[in-house]
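What the coordinates show
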Amino acid sequence: MQVPILKQRHYLIASIQGALTDADLLRLCDDLLEQVGKFRSQGVVIDVTVLDVMDSFATRTLRSISQMLKLRGAGTVIVGIQPDVAFAMIQLGLRLEGAVTALDLEEGIAFLDKGKKEGQRTWPVSST
Amino acid sequence: MPNKNRRPSALATATGKEAPDSLLRELVAHFRDNRDPLRRQWLEMMTAKGLLEGLTPGEAETESATIYDTCIDCLDTGTYESAQIYATKMAERGVLRGMTTEQILGGMLTLRDVYGRSLFDRYLSSPARLAAALDAYEPVGNNILAVVALAFIEERERVVRQQQEAIRELSTPVLRVRPGLLILPIIGLIDSQRTRQLTDQLLRAIRAHRAKVVVMDITGVPAVDSKVANHMVQTVDAARLLGATVIVTGVSPEIAQTLVTIGVDLSKMNTVGDLQGGIEEADLLLGYRVIVGEEASAPQEQ
Amino acid sequence: MASEQHIAIASDADIVVARQATRALTVELGFSSSDQAGVATAVSEIARNIVEYAQSGEIVIRVALNGGHRGIVVVARDTGPGIDDVEIAMGDGYTTGRGLGLGLPGARRLMDEFDIVSKVGKGTTVTMKKWVR
């Protein structure tokens, strides 16, 4: 299932719609890296609200996407991780170090806006 | 419920062997005919043993009548449905909760004695007949006892589980102080089961209240070991995945020493000395500024 | 409730199938929502292990009964290269593939019971259980 990417102002919003295979995730990575340059986007929000599992591959890929986008000059916020999913990830030993997380789309955009308002050109690597 | 006079359906299964139908009929009729004297006798014996304490005379009267009839019902129908229903109802009404194990089991054992003795009296002249009657009656009596005891134990276990659950929830409240800020005061010992629950509750609260900062105060935690410390780190990491920052406060000198000595990686944990400092730090992160109003700063008139 | 479900694992798409089937069964069994996510994540990890190290294999899920307790049994079987030293593979951080090296030890942390049998050149079988709390 392909992940739709919406352009909104200076940002791209990747809104995951259903369970993703590894190939879907890698494709999302390619698409985002390409479009962020094409639209000169300054920030990307990846909405994972619908995911009911985030295993090691998904976590690692999201982390890599976030790091690669940073190299392309855009900040990334991962939003909507469900409490149950967060709990399972932690038990599994997974962290999203290096990626910013926020509660939902609204908070994610607010975070990007805040960075933009202060004229930030580089992006923080952790949410704290 | 008593005396429904259901037709016997499975006599053989009830008695464990082929009891002549006529003998069972005779036993049932015997217990029914002597209902009043036998029940009196049972009540007197229970009173003598102090098994009726806490029950009003009215309650003792109704309960004993129902139990007496229920037992005959089981003998009559060959099923333990009515005993099961009665025991469940008794549990639901909270009757079992107010009584001691001794009262319940003692009462049932006494009734078994009363029934048994009345059979001795009746068949005294014919030992063969007595043996047959006891063969028919005893397994039923034992089964009824088992049904009631089981219902009693199940009820107790259910209450214990309920209370454990209540204590656990009571002990980990998640409090909202202002928009975006939650406080999680942890009091008492933490084990893995409790950390699970605590983390689960915290994550749901973060989502429900849209919290951005959580102050986790461990002033009330007496001791930690490496396992508990790792649990704490897990809770902090899980909150971070939902976009919330956790500030840990109230680390005692002993706990500080333990954590450093056992080498738990605390580099990712924000710590502030006490709860007050933690809330101030949280306010800073959230962009709140506390301004002391003029009225509050003026001397108060007593 | 189907007594046993076999899911053939040969590609990354099958991993999704395996965890969805697992989730459906855990819902049916009445697992708490956090345990549902945990079991599905553990299955995702061991299914991924099959794809990465053995190319193909299968995952079997079924209901477990133990007295009054109900739970789920997950068996992951492959005929791949096998694991030389199970002890080392079960340690955190060990990986020879693309993962984070958390697969097996991570799955063990998410489940109540975990057992692994492996023979070099023969393959690996992982059996894990989780009980409804």
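Above this text sits the structure in question.
These numbers were taken from a predicted model, which means no experiment stands behind them.

What follows concerns the packing of helix α1 (residues 12-29) of chain C against helix α2 (residues 33-54) of chain C. Residue and element names in this part refer to chain C. Between α1 and α2, the least distance of the axes is 9 Å, while the angle of their chain directions is 150°. Here α1 is positioned roughly antiparallel relative to α2, judged by the angle of their axes. Crossing of α1 against α2: the hand is right-handed. Taking contact as the criterion, the partners of D12, I15, A18, R19, T22, R23, T26 and V27 in α1 are, on α2, Q36, A37, V39, A40, V43, S44, A47, R48 and V51.

For the rest of this paragraph, the subject is the interface of chain A and chain C. Taken together, the contact between chain A and chain C spans 21 residues of the former and 24 residues of the latter. Linking chain A with chain C are four salt bridges, by the criterion used here. The partner of R48(C) in a salt bridge is D55(A), with the nearest N and O atoms 2.6 Å apart. On inspection of chain A and its partner chain C, the count reaches 12 residue pairs in polar contact (both at pLDDT 80 or more). Only α1 (22-38), α2 (56-71) and α3 (83-92) of chain A provide two or more residues apiece to the side of chain A that touches chain C. It is α3(A) that contributes the most residues to the side of chain A that touches chain C, six residues altogether. In terms of residue class, the side of chain A that touches chain C is built from 11 nonpolar, four polar and six charged.

This paragraph deals with helix α10 (residues 226-241) of chain B. Owing to its 3.6 residues per turn, the α-helix aligns residues three or four sequence positions apart on the same side. In this model, α10(B) (16 residues) spans 23 Å end to end at C-alpha, consistent with the 22 Å of a helix rising 1.5 Å per residue. Looking at α10(B), one finds that the buried residues are V228(B), A229(B), H231(B), M232(B), V233(B), T235(B), V236(B), D237(B), A238(B), A239(B), R240(B) and L241(B). Those residues of α10(B) that are buried lie in contact with α3 and β5 (100-102) of chain A together with α9 (192-209), β3 (213-220), β4 (245-249) and α11 (253-262) of chain B. Positive phi shows up at G243(B), right after α10(B), with a value of about 90°.

This part takes up the environment of V60(C). All names here are of chain C. Checked against the element boundaries, V60 lands in strand β2 (residues 57-66). The buried category is assigned to V60, whose relative accessible area is 2%. In the structure, V60 is positioned 67 residues away from T127 in sequence and 9.4 Å away in space, judged by C-alpha atoms. Ignoring anything within four residues of it in the chain, the contact list for V60 reads E4, Q5, H6, V73, V74, V75 and R77.

Here the focus is the sheet that holds strand β4 (residues 113-119) of chain C. All names here are of chain C. Read from one edge of the open sheet, five strands run β1-β2-β3-β5-β4, paired in antiparallel fashion. Two strands in the sheet have a free side with no partner beyond their single neighbour: β1 (4-9) and β4. Across the sheet, the axes of successive neighbouring strands diverge by a mean angle of 15°, strand direction being ignored. Where strand β3 (residues 69-78) and strand β5 (residues 123-131) come together, eight bridges link them in antiparallel fashion. Opposite I72, over in β5, you have K130 as the bridge partner. Running at roughly 10° to β3, α2 makes contact with β1, β2, β3 and β5 of the sheet. Against the sheet, helix α4 (residues 103-110) touches β4 and β5, its axis set at about 150° to β4.

The interface of chain B with chain A comprises 19 residues on the first partner and 22 residues on the second. Contact between chain B and chain A buries roughly 2,000 Å² in total, counting both sides, with carbon and sulfur atoms accounting for 54%. The largest per-residue losses of area from chain B upon contact with chain A belong to R207(B), R210(B) and L241(B), which jointly make up 36% of the total buried on that side. The tally of links between chain B and chain A comes to six salt bridges. In this structure, R204(B) and D84(A) form a salt bridge, with 2.7 Å as the shortest nitrogen-oxygen distance. Within the residue set of the side of chain B that touches chain A, elements represented by two or more residues are α9 and α10 of chain B.

Residues and elements named next belong to chain B. The full count for this structure, using the stated rule, is four aromatic pairs over all chains. Each member of the aromatic cluster is reached from another via a ring pair, and the members are F31, Y68, Y115 and Y137. Over the aromatic face of Y288 sits the side chain of R178, whose NZ or CZ is 5.8 Å from the ring centroid.

Turning next to the sheet that holds strand β1 (residues 175-178) of chain B. Residue and element names in this part refer to chain B. Strand order in the open sheet formed by five strands is β1-β2-β3-β4-β5, and the pairing between neighbours is mixed. Two strands lie at the open edges of the sheet, namely β1 and β5 (270-272), each paired on one side alone. Shown here is a sheet whose adjacent strand axes are inclined to one another by a mean of 30°, direction ignored. Bridge count between β1 and strand β2 (residues 181-187): three bridges; the pairing is antiparallel. Counted as the bridge partner of R176 is L182 from β2. Contacts from α9 reach β1, β2 and β3, with the element oriented near 165° to β2.

Criteria and thresholds
- Residues numbered from 1 in each chain as written.
- Chains lettered and ligands numbered in written order.
- Predicted model: local features only at pLDDT ≥ 70, side-chain atom pairs only at ≥ 80, totals over all residues.
- Heavy atoms only, no water.
- Axes fitted to C-alpha atoms, helices over the stretch in contact; angles between N-to-C directions.
- Helix = DSSP H or I, 4+ residues; strand = E, 2+ residues; numbered from the N terminus.
- Parallel < 35°, antiparallel > 145°, perpendicular 65-115°, else oblique.
- Left-handed = near helix turned anticlockwise from the far one by under 90°.
- Contact = heavy atoms within 4.5 Å.
- Salt bridge = Lys/Arg side-chain N within 4 Å of Asp/Glu carboxyl O.
- Polar contact = N/O pair within 3.5 Å; in protein donor to acceptor, adjacent residues only side chain to side chain.
- Nonpolar A, V, L, I, M, F, W, Y, C, P; charged D, E, K, R; others polar.
- Expected span 1.5 Å × (residues − 1).
- Buried < 20%, exposed > 50% of the residue type's maximum accessible area, 1.4 Å probe, protein only.
- Pairing = 2+ DSSP bridges.
- Buried area = accessible area lost by both parts, 1.4 Å probe.
- Phe/Tyr/Trp six-rings, centres within 6.5 Å; stacked < 30°, edge-to-face > 60°.
- Lys NZ or Arg CZ within 6 Å of the ring centre and 35° of its normal.

Scope: geometric values only; no functional claims are made or implied.
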